[in-house]
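# Coordinate inspection notes
Here's the letter readout for the chains.
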Amino acid sequence: MDTNVQKYLAFSKTVELGSFTSAARALHYTQSGVSRMIADLERDWNVSLLERGRAGVSLTSEGRALLPFAEEVCAAHARLQAQVDDLNGLQSGLIRIGTFSSVAAHWLPNIVKELQKDHPGIDYELVLGDYAEIEGWIAEGRVDCGFVRLPTRPEFDALPLERDELLAVLPEGHPLATGERLPVAALEGEPFMLLAKDKNAEVALALKRLGVEPDIRFTTWDDYAIMSMVESGLGISLLPRLILRRTPYRIAALPLDVPVYREIGLALRDRERAPRAVRRFTEYLGYRENG
């Protein structure tokens, strides 16, 4: 963005939100950076734009007179950039995506395949992590967007995508694998393999909500290790349905008689200000698999 337009935008956003700190957060700048840009405008124009006080900032008479023109420039620049993007037809771009393994394996191939049909010049960078890591990468700008468990951080724009049911996982031939649903009480009578890492203990939280305390024998964040342990007859587990698609393991998966779910969504710092390639990516999320 043109340096002058950045200054006009900093001026406009500071007035809108009432403080340098809030404007900096909204624009992903530092507080000192926003303050410096407005000071540059005041020096360039030889006027005082804002009154600084303990309660925040307010417009001077000169600032009130000039603000509509600054806002008009910002709006015109946004229209100009949109037209440039349309003319370029999204011929290039990079989308950096934070994701966890089940989404990377079962959703992203279809989404990227469909997006590439229309925009073959876009490149992708996938960064795999757990929910907390992905949220941190979004906040830091390490990734443009990320798949997370909802609810996520309140400062993010979040797009709800799917309610993913947790299923009981048992070895093939297990006596409990013959029914249509597994009684929740049965979880307490079997050795249990727990999928968990740090604060990402959604299975442990589900067990707590269900009021059961299984005999936990093994804990890991590797879902494939869990499936291998279950296949070997070392215990049973709860895993999200998405993880279990096209599994190569000889295991049975049953819903519980009291269903529990995780909510999956895509999070961004600011969808409206995201790069156009990223905004286009969000429009193709409907192409994820829904089997």
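In this text the structure is predicted, and so the values were computed from the model without any measurement.

## A closer look at the environment of Gly 179
Counting through the fold element by element, Gly 179 comes out in the loop between β6 (157–171) and β7 (191–195). Gly 179 sits in the partly exposed class, given a relative accessible area of 33%. Considering only alpha carbons, one finds Gly 179 and Arg 246, 67 residues apart in sequence, at a separation of 21 Å.

## Focus on the packing of aromatic side chains
Here the structure, examined in full by the defined rule, presents 5 aromatic pairs. Centroid distance Tyr 131 to Trp 221: 6.0 Å. Interplanar angle 80°. Geometry classified as edge-to-face. Of this pair, Tyr 131 sits in helix α7 (residues 131–140) while Trp 221 sits in the loop between β8 (215–220) and α9 (223–231), and the two are 90 residues apart along the sequence. Assessed through its relative accessible area of 24%, Trp 221 is described here as partly exposed. Among the aromatic residues, ring-to-ring pairing joins Phe 100, Tyr 131 and Trp 221 into one connected group.

## Quick word on the pairing of strand β5 (residues 145–150)
Across the 6 residues that make up β5, a large majority, 5, are buried. Where strand β3 (residues 93–99) meets β5, 2 bridges bridge the pair, whose relative direction is parallel. Residue pairing in the sheet places Ile 97 in a bridge with Cys 145 of β5. By the bridge criterion, 5 bridges tie β5 to strand β11 (residues 261–268) in an arrangement that is antiparallel. Along β11, the bridge assignment pairs Arg 149 with Ile 264.

## Notes on α7
Of all the positions in α7, only Tyr 131, Ile 134, Glu 135, Gly 136, Trp 137 and Ile 138 are classed as buried. The inward-facing, buried residues of α7 contact β3, β4 (122–128), β5, α8 (202–210) and β11. A distance of 3.1 Å separates the backbone nitrogen of Ala 132 from a side-chain oxygen at the start of α7, and that oxygen is part of Asp 130. Residue Gly 141 follows α7 closely and has a positive phi angle near 85°.

## Description of the UniProt feature "domain: HTH lysR-type" (unreviewed entry) in the chain
Sequence positions flagged by UniProt for "domain: HTH lysR-type" (unreviewed entry) are, in local numbering, residues 10–60. Structurally, residues 10–60 comprises 61% helix and 16% strand, and the distance from its first C-alpha atom to its last is 16 Å.

## Description of the nonpolar core
Judged by nonpolar contacts, the single largest core of 34 residues is most densely connected at Ile 95, Trp 107, Leu 108, Phe 147, Leu 266, Phe 281 and Leu 285. When residues no more than four places from it in sequence are discounted, the contact partners of Phe 281 are Ile 95, Ile 97, Leu 108, Ile 111, Leu 115, Cys 145, Phe 147 and Leu 266. Counting residues in each nonpolar core, the second largest holds 32 residues, with Val 169, Phe 192, Leu 239 and Leu 256 among its members.

## Examining helix α3 (residues 31–45)
Between its terminal C-alpha atoms α3 stretches 22 Å, which fits the 21 Å expected from 15 residues at 1.5 Å a residue. All buried positions along α3 are accounted for by Gly 33, Val 34, Met 37, Ile 38, Asp 40, Leu 41 and Glu 42. Buried residues along α3 sit in contact with α1 (3–17), α2 (20–27) and β1 (50–53). A positive phi of about 60° marks Asn 46, the residue just after α3.

## Some points on the packing of α1 against α3
One way to put it is that α1 packs onto α3 with a least axis distance of 9 Å and a crossing angle of 110°. Taken as axis vectors, α1 and α3 run roughly perpendicular relative to one another. Residue-level inspection shows Gln 6, Lys 7, Tyr 8, Ala 10, Phe 11 and Thr 14 of α1 in contact with α3, the latter providing Val 34, Met 37, Ile 38, Asp 40, Leu 41, Asp 44 and Trp 45. For the contact of α1 with α3, the per-class residue count stands at 8 nonpolar, 2 polar and 3 charged.

## Focus on the domain arrangement of the chain
Domains assigned within the chain are domain 1 (1–67) and domain 2 (163–260). The straight-line distance from the C-alpha centre of domain 1 to that of domain 2 is 54 Å.

## Section: the packing of α2 against α3
With their axes 8 Å apart at the nearest point, α2 and α3 run at an angle of 105° to one another. With respect to α3, the element α2 is oriented roughly perpendicular. Of α3, the residues touching α2 (which contributes Phe 20, Thr 21, Ala 23 and Ala 24) are Gln 31, Val 34, Ser 35 and Ile 38. Taken together, the residues that form the contact of α2 with α3 break down as 5 nonpolar, 3 polar and no charged.

Cut-offs and rules
Residues numbered from 1 in each chain as written. Predicted model: local features only at pLDDT ≥ 70, side-chain atom pairs only at ≥ 80, totals over all residues. Heavy atoms only, no water. Helix = DSSP H or I, 4+ residues; strand = E, 2+ residues; numbered from the N terminus. Buried < 20%, exposed > 50% of the residue type's maximum accessible area, 1.4 Å probe, protein only. Phe/Tyr/Trp six-rings, centres within 6.5 Å; stacked < 30°, edge-to-face > 60°. Pairing = 2+ DSSP bridges. Contact = heavy atoms within 4.5 Å. Polar contact = N/O pair within 3.5 Å; in protein donor to acceptor, adjacent residues only side chain to side chain. UniProt positions renumbered as here; feature names shortened; annotations may be inferred. Core = buried A, V, L, I, M, F, W, Y, C linked by side-chain atoms within 4.5 Å. Expected span 1.5 Å × (residues − 1). Axes fitted to C-alpha atoms, helices over the stretch in contact; angles between N-to-C directions. Parallel < 35°, antiparallel > 145°, perpendicular 65-115°, else oblique. Nonpolar A, V, L, I, M, F, W, Y, C, P; charged D, E, K, R; others polar. Domains from an automatic or database assignment.

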